Amino acid sequence: MEKPIYFVQDKFVEKKNAFIHVNDIGLLRGFAVFDYFKTYFGEPFHLTDHIQRLFRSADLVGLKIHHSQNEISKIVYKLIEKNNFSESSIRIVVTGGVGTDSRSPGIPTLIIYCDPRNELDNKFYTTGVKIKSVQDIRDIPLAKTINYTHAIKYLSEFIPKGFFEVLYVFNDLILECTSSNIFIIKNNRLITPKGNLLSGITRNLILSICSPEFEAEEREVTFTEVLAADESFITSTDKEVLPVVAIDDNQIGNGKIGTGTELIMKKFRSYVDSKVWSKST
Ligand code: PMP
């Protein structure tokens, strides 16, 4: 089979033959959820967390996944083996399927993509990035639905203006970025918003590995507080830990990557390299 090989509904197919029905309610109404992760050392990173979040997202929108968590996990391992990329990026999408009309779900469609792993340009980690704030909040923020309409609109506007990510602010509280969580460091305390946002797997991992150097706080964080932070960074599967040196026109701290952020980046890397998360250890 020609690579990449994907999984659609009940079989492995070549990417060029991977299709779903045009009447799928995922396409017609955006009724679909997904999750996304990658491999390190050829192994899916925190796979169970990602599959559990996929099921939580599905529950939150009322989508019933017909495969079990264990079945999905087995398909993921098979897909990684079949593609045999040195490292992979994997996306699991479950759509509502084809119903009797454009408002009714049918049998959910399971799609698992597997492509060579995405790598971000190293320059972002050495210089840090600028992010842009907007007043907005994701729809059903605790769920990872496929609806990134606002995200795409904002990124198309602000990336050409030199911003790397867009930060959602709602009622003066910062929430998350279009596809990342945000942290600030203030007086050696590591602070991240909680509430109406996606429970990022990278975010949660950072919170669990940040001690003993940092005390962590998960709480409401105001926009004013962020601007007065010593340091800031964003986290996601794709970006890992990415330093933020400015928000809008405001420099964060001294406008350079801070020592706290550097330490968190190192701790993340050591955690990945330790393979303590790996099934095979
Ligand atoms: N928030 C949103 C809206 C996202 O799309 C993502 C990326 N999945 C994140 C946060 C970060 O989550 P994770 O660390 O699990 O990739």
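Residues numbered from 1 in each chain as written. Predicted model: local features only at pLDDT ≥ 70, side-chain atom pairs only at ≥ 80, totals over all residues. Heavy atoms only, no water.

**Q** How do you make sense of the overall build of the chain when you look at a structure like this?
**A** Along the chain, the regular secondary structure elements total eight helices and 15 strands. Expressed along its principal axes, the backbone C-alpha trace of the chain runs to roughly 55 × 45 × 30 Å. By the burial criterion, 53% of the 281 residues in the chain qualify as buried. Restricting the contact set of the chain to residue pairs at least 6 apart, pairs at least 24 apart contribute 70%. As presented, the chain carries roughly 13600 Å² of accessible surface, and 52% of it is formed by carbon and sulfur atoms. Taking the 34 positively charged and 35 negatively charged side chains of the chain as two groups, their mean positions are separated by 3 Å. (Helix = DSSP H or I, 4+ residues; strand = E, 2+ residues; numbered from the N terminus. Buried < 20%, exposed > 50% of the residue type's maximum accessible area, 1.4 Å probe, protein only. Contact = heavy atoms within 4.5 Å. Areas by Shrake-Rupley, 256 points an atom, 1.4 Å probe, with all protein chains shown as cover. Lys, Arg positive; Asp, Glu negative; His and termini not counted. Charge placed at Lys NZ, Arg CZ, Asp CG, Glu CD.)

**Q** I tried to follow the site of the ligand on my own but got confused; where do I start?
**A** In the vicinity of the ligand lie 17 residues, with Arg53, Lys144, Tyr148, Thr202 and Thr237 positioned nearest. One nitrogen or oxygen atom from the side chain of Tyr148 is found 2.5 Å from an oxygen atom belonging to the ligand. Separating a nitrogen atom of the ligand from a side-chain N or O atom of Glu176 is a distance of 2.8 Å. Relative to its unbound accessible area of 390 Å², the ligand is 97% covered by the protein chains. Of all the secondary structure elements, the ones that give two or more residues to the shell around the ligand are β9 (173–177), α6 (201–209) and β13 (231–236). (Near = heavy atom within 4 Å. Polar contact = N/O pair within 3.5 Å; in protein donor to acceptor, adjacent residues only side chain to side chain.)

**Q** Honestly, α6 in this entry has me stumped. Any pointers?
**A** Buried residues dominate α6, accounting for seven of its nine residues. Listed as buried for α6 are Ile201, Thr202, Arg203, Leu205, Ile206, Leu207 and Ile209.

**Q** Is there a simple way to explain the sheet that holds strand β1 (residues 5–8) in this structure?
**A** Pairing between sheet strands relies on hydrogen bonds along the backbone, with the strands arranged either parallel or antiparallel. The strand order β2-β1-β6-β5-β3-β4 describes an open sheet built from six strands, whose pairing is antiparallel. On the outer flanks of this sheet lie β2 (11–14) and β4 (43–44), each paired with one strand and no other. Alignment of strand β5 (residues 88–95) against strand β6 (residues 109–116), held across eight bridges, turns out to be antiparallel. Residue pairing across strands places Val94 opposite Leu110, the latter belonging to β6. Most of the contacts of helix α2 (residues 47–61) go to strand β3 (residues 32–40), to which it runs at about 175°, and overall it touches β3, β4 and β5. (Pairing = 2+ DSSP bridges. Axes fitted to C-alpha atoms, helices over the stretch in contact; angles between N-to-C directions.)

**Q** I'm lost on the packing of aromatic side chains in this one. Help?
**A** Ring pairs (aromatic) are described by centroid distance and by the angle formed between their planes. Counted under the stated rule, the structure contains twelve aromatic pairs. For the pair Tyr6 and Tyr113, a centre-to-centre distance of 5.0 Å together with 55° between the ring planes defines the contact as tilted. Of this pair, Tyr6 sits in strand β1 while Tyr113 sits in strand β6; the two residues are 107 residues apart in sequence, bridging distant segments of the chain. With a relative accessible area of 6%, Tyr6 lands in the buried category. Tyr113 gets classed as partly exposed once you look at its relative accessible area, which sits at 26%. Measuring from centroid to centroid gives 5.0 Å for Phe7 and Phe12, while their planes differ by 70°, and the two rings are edge-to-face. Through a chain of ring-to-ring contacts, the aromatic side chains of Tyr40, Phe45, Phe268, Tyr271 and Trp277 assemble into a single cluster. Geometry around Tyr77 places Lys279 over its ring, the cationic atom sitting 4.5 Å from the centre. (Phe/Tyr/Trp six-rings, centres within 6.5 Å; stacked < 30°, edge-to-face > 60°. Lys NZ or Arg CZ within 6 Å of the ring centre and 35° of its normal.)

**Q** Could you clarify how one ought to interpret helix α5 (residues 149–158) in this entry?
**A** Along α5, the positions that sit buried rather than exposed are Ala151, Tyr154 and Phe158. Within α5, the buried residues cover an arc of 75° as seen down the axis, which keeps them to one side. Set apart from the buried face of α5 by more than 90 degrees, the exposed residues are Thr149 and Ile152. Where α5 is buried, its residues contact β7 (129–135) and β8 (165–170). (Arc of directions from axis to C-beta.)

**Q** Hey, could you run me through the side chain of Thr192 in this one?
**A** With respect to the helices, strands and loops of the structure, Thr192 is situated in strand β11 (residues 189–193). Among the polar contacts listed, one links the side chain of Thr192 to the backbone oxygen of Ile182, at a separation of 2.6 Å. If we ignore the near neighbours within four places in the chain, the residues touching Thr192 are Ile182, Phe183, Arg203, Leu207, Glu217, Glu218, Arg219 and Val221.

**Q** Explain the environment of Val33 to me, please; I cannot follow it from the model alone.
**A** Along the polypeptide, Val33 turns up in strand β3. C-alpha of Val33 to C-alpha of Ile92: the two residues are 59 residues apart in sequence and 8.4 Å apart in space. Excluding residues within four positions of it along the chain, Val33 makes contact with Leu54, Ser57, Ala58, Val61, Leu63, Ile92, Val93, Val94, Lys144, Thr145 and Ile146.

Coordinates in, geometry out; function isn't part of it.
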